[in-house]
Amino acid sequence: MLKCGTCGGGFIQVGKQYYGCASTRNKGTCGNRLTIKREDFEARVLSGLKDQLLHPDLIAEYVRAYQAEFNQLAGSIRADRLADER
């Protein structure tokens, strides 16, 4: 899922704690020799997810969709109960 900003190739684990460009490591066809520490990368990803997924508009949309689904299910349960009682 990680992509090199220089060549577009994938990133691979290049050490116990680092990720780097696979094209640089395996083929030598990319000049990007930068690596990123695993824990730094994970912190960035989690921070980005938190910022994106906890946006107030997304939470409001989730609540709206949840309530709509809940109301639909409650309505069908009520209708089934009435049909059973008849």
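Residues numbered from 1 in each chain as written. Predicted model: local features only at pLDDT ≥ 70, side-chain atom pairs only at ≥ 80, totals over all residues. Heavy atoms only, no water.

Help me understand the overall build of the protein chain, please; the structure alone is not making it clear to me.
Summing up its helical and strand segments, the protein chain has 3 helices and 3 strands in all. Sequence-ordered secondary structure for the protein chain, helices as α and strands as β, is β-β-α-β-α-α. Scaling as 2.2 N^0.38, a compact globule of 86 residues should have a C-alpha radius of gyration of about 12 Å, whereas the protein chain reaches 24 Å, well beyond that. Here the protein chain displays about 7200 Å² of accessible surface, and carbon together with sulfur accounts for 55% of that area. If the 13 positive side-chain charges of the protein chain are averaged to one point and the 10 negative ones to another, these points end up 14 Å apart. (Helix = DSSP H or I, 4+ residues; strand = E, 2+ residues; numbered from the N terminus. Rg over C-alpha atoms; globule rule 2.2 N^0.38 Å. Areas by Shrake-Rupley, 256 points an atom, 1.4 Å probe, with all protein chains shown as cover. Lys, Arg positive; Asp, Glu negative; His and termini not counted. Charge placed at Lys NZ, Arg CZ, Asp CG, Glu CD.)

What's the story with the packing of aromatic side chains in this structure? I'm lost.
Each aromatic ring pair is summarised here by two numbers: the centre-to-centre distance and the angle between the ring planes. Inspection of the entire model under this criterion finds 3 aromatic pairs. Arranged with centres 6.4 Å apart and planes meeting at 20°, the rings of Tyr66 and Phe70 form a pair that is stacked. Residue Tyr66 and its partner Phe70 are located together in helix α3 (residues 56-85), separated by 4 residues, close to a single helical turn. By way of ring pairs, the aromatic residues Tyr62, Tyr66 and Phe70 are connected into one cluster. (Phe/Tyr/Trp six-rings, centres within 6.5 Å; stacked < 30°, edge-to-face > 60°.)

What should I look at first to understand the sheet that holds strand β2 (residues 18-21) in this one?
Hydrogen bonds along the backbone pair up the strands of a sheet, which may run parallel or antiparallel. Pairing within the open sheet is antiparallel, and its 3 strands lie in the order β1-β2-β3. Strands at the two margins of the open sheet, each flanked by one partner only, are β1 (11-13) and β3 (35-37). Averaged over all pairs of adjacent strands, the angle between strand axes in this sheet comes to 30°, irrespective of strand direction. Two strands pair when backbone bridges link them, and β2 and β3 are joined in this way by 3 bridges, in the antiparallel orientation. For Tyr19, the partnering residue across the bridge sits in β3 and is Ile36. (Pairing = 2+ DSSP bridges. Axes fitted to C-alpha atoms, helices over the stretch in contact; angles between N-to-C directions.)

Looking at this model, I keep getting lost on the pattern of salt bridges. Mind explaining?
Pairs may arise between side chains of opposite charge once their charged atoms sit close together. This model, assessed by the stated rule, comprises 2 salt bridges. Measuring nitrogen to oxygen at the nearest pair gives 3.1 Å for the salt bridge that ties Arg38 to Glu42. Linking Arg38 with Glu42, this pair stays in helix α2 (residues 38-53), spanning 4 residues, or about one helical turn. By relative accessible area, which is 34% here, Glu42 ends up partly exposed. (Salt bridge = Lys/Arg side-chain N within 4 Å of Asp/Glu carboxyl O. Buried < 20%, exposed > 50% of the residue type's maximum accessible area, 1.4 Å probe, protein only.)

Please explain the pairing of β2 as it appears in this structure.
Two faces belong to every sheet, and in a regular strand the side chains alternate between them. Across 3 bridges, the pairing between β1 and β2 is antiparallel. Bridging across to β2, Ile12 finds its partner in Gly20. Where β1 folds back onto β2 in an antiparallel hairpin, the turn is made up of 4 residues.

Before we go on, may I ask you to explain a nonpolar patch on the surface in this structure?
Residues Val45, Leu46, Leu49, Leu53, Leu54, Leu58, Ile59, Tyr62, Val63, Tyr66 and Phe70 make up a contiguous nonpolar surface patch of roughly 1100 Å² in combined accessible area. Secondary structure elements with two or more residues in the nonpolar patch: α2 and α3. Among the elements that make up the nonpolar patch, the one with the highest residue count is α3 (6 residues). Here Ile59 is to be found in helix α3. A relative accessible area of 39% means that Ile59 is categorised as partly exposed. (Patch = residues over 30% accessible without salt bridge, like charges linked within 9 Å, V, L, I, M, F, W, Y side chains within 5 Å.)

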